[in-house]
Amino acid sequence: MRFIVMILAPLEMLIVNLFVIHICSRRKFGQIKTIVLMGLCVVVLLFLAYLIARNAPDFGSGNGLFIFTGFLFIIPIRFLYENTGNRIIIIACFSWTYTFILFALSAILGNAWIVPWMSVNGTTLLVQTFMYICTIRVFYKMLTQKFIYVLEHVGEKETNALMWVNMMWLWIAFIINLAFFYPRIFILQIFSVVTLAVCAASSFHYFYLQVDSGETIKNLEKIAYQDALTQLRSRVVMNSDAEALIERKIPFNLIFFDLNDFKSINDRFGHSVGDDYLAFFAHEIKIRLGNRGGFYRIAGDEFTCILSDKNVLEGFIADINAFPDTMKDTDVKFLGFSYGIATFPQDGDTINDLLVCADQHMYEMKRATKSGRGERVAIAE
């Protein structure tokens, strides 16, 4: 009977751990086959625990040494589920940390408070079961809503760090529990403090990797959302802004700009001056636009404006016609630009339709003024 009670507490832990692994992993085989094979592994492991219990006097005292036999389940788990080695260890250590902490608390309470009609092992089992009843719902919620999400979205670099953090938390729970049950072994207390320090350092390193990844994402977003040369918003942002107005059915004007003879600037002065030329144009338009709308660089020497207030369109057109003759602080002559205007919803109900319409109007203006190169700006009627 003593052996049965001693095995029931680890068995309870084992059931919870297998459930966690089953929830977090994708099976290679059907559910029935998986359950049968895992059941056979449980029987083998329990038989092994029984043999150890008969020959190890400290087995069942609450020291938690049986946890090493539990890690034998990594072998069948690797066979039954589609997991990488790191993922298996992360899931196993995460689950074992939860179940082992409850076991350790139950063993400490079981040794400290013995129910008169129950043994230490019986009290430990009773307390552990009660703790599972009180905590399993919260643990399951954290498992399904947070842990699995982290598991599915963590990067390769962060996966290794997460594995070590989980292993360290399980190890420190095990070492501290040993220190409680063998208080006269001074080295265990020292080892507990050292392990705690290493665990803290590992956790900090993992948080560092997360922050570093976040900064990398921010930089990538900046590259995607902002043009590095002109500091204007990108085509991605333009699409998003326009689609938001379209979805809310707010009328707006889309102005498509194209620089006149820009290729000749690059050919004559070089691409460095060409970059300055683009930045100059963007700066001058931004000054004239102010806070009346959005301004975007969509490709090369092509730009767009979105004006959601139709009343400011005429004033903006008048402002952009008063453009400098030359680039600031240079003798490079500004060759002007052409533009076309499309209006939502009259000219289209999607951003692509509006771009095509504005582009066509821009080329009509460009062709209409091509014979008069002295005029720097092709004005849309």
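As shown above, the structure is provided for reference.
Residues numbered from 1 in each chain as written. Predicted model: local features only at pLDDT ≥ 70, side-chain atom pairs only at ≥ 80, totals over all residues. Heavy atoms only, no water.

Caption draft 1: Expanded view of the overall build of the protein. For the protein, the helix and strand inventory stands at 13 helices and five strands. Counting every position in the protein, which comprises 381 residues, the buried fraction comes to 44%. The long-range fraction of contacts in the protein, counting pairs at least 24 apart against all pairs at least 6 apart in sequence, stands at 74%. For the protein, the accessible area works out to roughly 21200 Å², and carbon and sulfur atoms hold 63% of it. (Helix = DSSP H or I, 4+ residues; strand = E, 2+ residues; numbered from the N terminus. Buried < 20%, exposed > 50% of the residue type's maximum accessible area, 1.4 Å probe, protein only. Contact = heavy atoms within 4.5 Å. Areas by Shrake-Rupley, 256 points an atom, 1.4 Å probe, with all protein chains shown as cover.)

Caption draft 2: Structural view of the packing of helix 11 (residues 271–289) against helix 12 (residues 313–321). In the contact formed by helix 11 and helix 12, the axes pass within 9 Å of each other and the chain directions differ by 145°. For helix 11 against helix 12, the interelement crossing comes out right-handed. Seen from helix 11, the contacting residues are Ile285, Arg288 and Leu289; seen from helix 12, they are Phe316, Asp319 and Ile320. When grouped by side-chain class, the residues that make up the contact of helix 11 with helix 12 number four nonpolar, no polar and two charged. (Axes fitted to C-alpha atoms, helices over the stretch in contact; angles between N-to-C directions. Left-handed = near helix turned anticlockwise from the far one by under 90°. Nonpolar A, V, L, I, M, F, W, Y, C, P; charged D, E, K, R; others polar.)

Caption draft 3: Seen up close, the pattern of salt bridges. A full pass over the atoms with the stated rule returns seven salt bridges. Taking the shortest distance from any N to any O, the salt bridge between Glu152 and Arg87 comes out at 2.9 Å. Here the residue Glu152 occupies a position in helix 6 (residues 120–153), and Arg87 occupies one in helix 5 (residues 85–112), the gap between them amounting to 65 residues. In this structure Arg87 comes out as buried when scored by relative accessible area, which is 17%. Note that Asp227 and Arg297 form a salt bridge whose closest N and O atoms lie 3.2 Å from each other. (Salt bridge = Lys/Arg side-chain N within 4 Å of Asp/Glu carboxyl O.)

Caption draft 4: Focus on the packing of aromatic side chains. Summed over all chains, the structure comprises 29 aromatic pairs. Measuring from centroid to centroid gives 6.0 Å for Phe100 and Phe103, while their planes differ by 45°, and the two rings are tilted. One end of the pair, Phe100, and the other, Phe103, are both in helix 5, three residues apart, so they sit about a helical turn from each other. For the pair formed by Phe100 and Phe103, the shared burial category is buried. Following the ring pairs from residue to residue traces out a cluster consisting of Phe257, Phe262, Tyr277, Phe280, Phe281, Phe295, Phe303, Phe323, Phe334, Phe337 and Tyr339. In this arrangement the basic side chain of Lys33 is found over the ring face of Phe29, its NZ or CZ atom lying 4.3 Å from the centre. (Phe/Tyr/Trp six-rings, centres within 6.5 Å; stacked < 30°, edge-to-face > 60°. Lys NZ or Arg CZ within 6 Å of the ring centre and 35° of its normal.)

Caption draft 5: Layout of the packing of helix 10 (residues 262–269) against helix 11. Two elements in contact, helix 10 and helix 11, have axes separated by 7 Å at closest approach and are oriented at 140°. Considering the angle they form, helix 10 stands oblique to helix 11. Contacts between helix 10 and helix 11 involve Phe262, Ile265, Asn266 and Phe269 from the former and His271, Val273, Gly274, Tyr277 and Leu278 from the latter. Of the residues assigned to the contact of helix 10 with helix 11, the class counts are six nonpolar, three polar and no charged. (Parallel < 35°, antiparallel > 145°, perpendicular 65-115°, else oblique.)

Caption draft 6: Representation of the environment of Ala179. Along the polypeptide, Ala179 turns up in helix 7 (residues 156–181). What makes Ala179 buried here is its relative accessible area of 15%. Beyond its immediate stretch of four places on either side in the chain, Ala179 contacts Leu188, Gln189 and Ser192.

Caption draft 7: Quick look at a nonpolar patch on the surface. A surface patch of nonpolar side chains, amounting to about 720 Å² of accessible area, comprises Trp171, Ile185, Phe186, Ile187, Ile190, Phe191, Val194 and Val198. Counting residues per element, the nonpolar patch draws most heavily on helix 8 (residues 186–225), at six residues. One can find Phe191 in helix 8. We classify Phe191 as partly exposed; its relative accessible area is 38%. (Patch = residues over 30% accessible without salt bridge, like charges linked within 9 Å, V, L, I, M, F, W, Y side chains within 5 Å.)

Caption draft 8: Inspection of the pairing of strand 1 (residues 252–259) at higher detail. Counting buried positions along strand 1 yields eight of eight residues, so the element is predominantly enclosed. Taking every second residue as pointing to the same face, both faces of strand 1 are buried, with Phe252, Leu254, Phe256 and Asp258 on one and Asn253, Ile255, Phe257 and Leu259 on the other. Pairing of strand 1 with strand 4 (residues 337–344) involves eight bridges; the strand directions are antiparallel. By the bridge assignment for strand 4, Phe257 is matched with Tyr339. (Pairing = 2+ DSSP bridges.)

Caption draft 9: How the structure looks around the side chain of Asn266. As for its placement among the helices and strands, Asn266 is situated in helix 10. Residue Asn266 is classed as buried on the basis of its relative accessible area, which comes to 15%.

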